[in-house]
Amino acid sequence: MAPPQICVIGSLNIDFVTYTPRCPDAGETLTASSLAISAGGKGANQAVACGRASFAARDSQEAAVSMIGAVGAGDPYYAALLRPTLEGSGVSTKGIQEKTDSQTGSATIIVDEGAGGENRILFVPGANYTGMDKVDAVLATTQDIHLDQGVVVMQGEIPRATTLGLMKHFNDPACRSHLIFNPAPVFTEGIPLPALAGTSVLAMNETEAVLMTQSVAEYLRPDQATAELKPEELAPLFHQHAKVHIVLITLGAKGAYFSTATGKQGFAPSAAVEKVVDTTAAGDTFVGYFATAFAKFVATGAALEEFDAQIETAVRRANVAAAGCVQRKGAMQSIPFAYEI
Ligand code: RIB
């Protein structure tokens, strides 16, 4: 059996993180606690989570993980922070392009220590947009990766047009790889239903799930369009109308909801956490850990409905990893290895 293959196509950012006892009001200057510069980006964080999830023991990696993305050429932060963290987590960086005309993407993050480590993020795309604007060029980078019976993971920090083009390719029944899509952030114009159709896994938090209902808006009953829909009401909309096989909705401290088109559904509670210090990358950790469990299953060649027997275990494990992440500061650096949890 070929080893599980995971290819993450997405963003790489330098995170400028300010920790503060509270967020300043408009026009107010506040003395904060500390500043950290660290490796991040939803794509790169998820690639690191996949890599670290595949190390059940320190010296053996169970899946091949590759990152496709773009950074600014000669960026010292890429050389000193992003690349070593990715490679040290078992992620191939061969598919990361260095753009001479752009800067590496960045995120300005405010972590509110007074609100349980809750964050606010301002994302500047830089090379994540300029280097990822051509679908054919991105697909050409994936050529050397054996994605037949593999998993592709995507988020919303590369251009929408590229995302739609890649979804068309990976969701085509002729393509044997499985797409895991995490619409974070959700594109303002949304994702049209035909592009979403055939997605193997749609993983969202509660806010993203509500925003994503615009994809299925034409099928909402008037009472559903105005109501606050619960996860168990949202998921069937994506199964029935968007032909999504697995819907995952993370609920923060309440855990996660899972649902499959073949009828398995439930809530997996979150794992115990002593103290939340920084929630950054908790969602990415969840997605990466789930993606790795799913990739291992996909590599067996079994029919998708057989994953129903494994989904709850995969979601519980992803919750445990996310609980590990929120107890450490930073994005990528806070993601646990599988042998630590
Ligand atoms: O999900 C967390 C990530 O979102 C951060 O690392 C930051 O780069 C932003 O993109």
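The protein chain appears in an unreviewed UniProt entry as Ribokinase from Aspergillus ellipticus CBS 707.79. The record in UniProt for the protein chain states the following under Subunit (unreviewed entry): "Homodimer."

All right, on to the overall build of the protein chain then. Helix and strand content of the protein chain: 11 helices and 13 strands. Expected size for 341 residues packed as a compact globule is a radius of gyration near 20 Å; at 19 Å, the protein chain falls within 12% of this value. Principal axes of the C-alpha set define a box for the protein chain whose edges measure 50 × 45 × 40 Å. In the protein chain, which comprises 341 residues, the proportion classed as buried is 54%. Long-range pairs, those at least 24 residues apart, make up 72% of the contacts in the protein chain between residues at least 6 apart in sequence. On the protein chain, roughly 14600 Å² of surface is accessible, and the fraction owed to carbon and sulfur atoms is 53%. Side chains of the protein chain carry 23 positive and 34 negative charges; the gap between the two charge centres is 2 Å.

Turning our attention to unusual backbone geometry. Glycine aside, negative phi is the norm for most residues, and most peptide bonds take the trans geometry. The amide bond that connects Ala184 to the next residue, Pro185, takes the cis arrangement and shows omega of -10°. For Pro185, the location among the structural elements is in the loop between strand E9 (178–181) and helix H6 (193–196). Unlike most non-glycine residues, Lys243 shows phi in positive territory, near 55°. Within the fold, Lys243 resides in the loop between helix H9 (231–242) and strand E11 (246–250). The phi dihedral of Ala281 is positive, around 75°, even though this residue is not glycine. With respect to the helices and strands, Ala281 occurs in the loop between strand E13 (265–268) and helix H10 (282–298).

Under the UniProt annotation, the feature "binding site: ATP" (unreviewed entry) is placed at Asn205, Thr250, Leu251, Gly252, Ala253, Lys254, Gly255, Gly283, Asp284 and Asn319. Along the chain, the position of Gly252 falls in the loop between E11 and strand E12 (256–260). The residue Gly283 is located in helix H10 in this model.

Here the focus is the UniProt feature "active site" (unreviewed entry) in the protein chain. When the UniProt feature table is mapped onto this chain, "active site" (unreviewed entry) is found at Asp284. Overall, the relative accessible area of 7% leaves Asp284 in the buried class. Those residues in contact with Asp284 that sit more than four places away from it in its chain are Lys42, Asn45, Gln46, Ala49 and Asn182.

Each turn of an α-helix holds 3.6 residues, which means side chains three or four residues apart point in the same direction. For H10, built from 17 residues, the straight-helix expectation of 24 Å at 1.5 Å per residue is met to within 8% by its first-to-last C-alpha distance of 24 Å. For H10, a buried count of 14 out of 17 residues is recorded, marking the element as mostly surrounded by other parts of the structure.

Next up on the list: the sheet that holds strand E2 (residues 13–20). Within a sheet, neighbouring strands are paired by backbone hydrogen bonds and run either parallel or antiparallel to one another. In spatial order, the strands read E3-E2-E6-E7; together these 4 strands make up an open sheet with mixed pairing. The open sheet has two edge strands, strand E3 (34–40) and strand E7 (118–124), and neither has a second partner. Pairs of neighbouring strands in the sheet enclose a mean axial angle of 20°, with direction left out of account. Direction of pairing for E2 relative to E3: antiparallel, over a ladder of 7 bridges. The partner of Ile14 across the bridge, within E3, is Ala39. Docked against the sheet, helix H2 (residues 76–88) engages E2 and E3, running at close to 60° with respect to E3.

Taken together, 14 residues form the shell around the ligand, and within it Asp15, Gly41, Lys42, Glu157 and Asp284 come nearest. Taking Asn13, its side chain carries an N or O atom lying 3.0 Å from an oxygen atom of the ligand. One of the side-chain N or O atoms of Asn45 is found 3.0 Å from an oxygen atom in the ligand. In isolation the ligand offers 280 Å² of accessible surface; the protein chains occlude 96% of this area. For the shell around the ligand, a count of residues per class yields 5 nonpolar, 5 polar and 4 charged.

Taken together, Leu35, Ile37 and Tyr77 make up a surface patch of nonpolar side chains, about 280 Å² in accessible area. Looking at where Leu35 falls in the secondary structure, it is placed in strand E3. The exposure class assigned to Leu35 is exposed, which follows from its relative accessible area of 58%.

Thresholds, definitions, all that
- Residues numbered from 1 in each chain as written.
- Predicted model: local features only at pLDDT ≥ 70, side-chain atom pairs only at ≥ 80, totals over all residues.
- Heavy atoms only, no water.
- UniProt positions renumbered as here; feature names shortened; annotations may be inferred.
- Helix = DSSP H or I, 4+ residues; strand = E, 2+ residues; numbered from the N terminus.
- Rg over C-alpha atoms; globule rule 2.2 N^0.38 Å.
- Buried < 20%, exposed > 50% of the residue type's maximum accessible area, 1.4 Å probe, protein only.
- Contact = heavy atoms within 4.5 Å.
- Areas by Shrake-Rupley, 256 points an atom, 1.4 Å probe, with all protein chains shown as cover.
- Lys, Arg positive; Asp, Glu negative; His and termini not counted.
- Charge placed at Lys NZ, Arg CZ, Asp CG, Glu CD.
- Expected span 1.5 Å × (residues − 1).
- Pairing = 2+ DSSP bridges.
- Axes fitted to C-alpha atoms, helices over the stretch in contact; angles between N-to-C directions.
- Near = heavy atom within 4 Å.
- Polar contact = N/O pair within 3.5 Å; in protein donor to acceptor, adjacent residues only side chain to side chain.
- Nonpolar A, V, L, I, M, F, W, Y, C, P; charged D, E, K, R; others polar.
- Patch = residues over 30% accessible without salt bridge, like charges linked within 9 Å, V, L, I, M, F, W, Y side chains within 5 Å.
- Salt bridge = Lys/Arg side-chain N within 4 Å of Asp/Glu carboxyl O.

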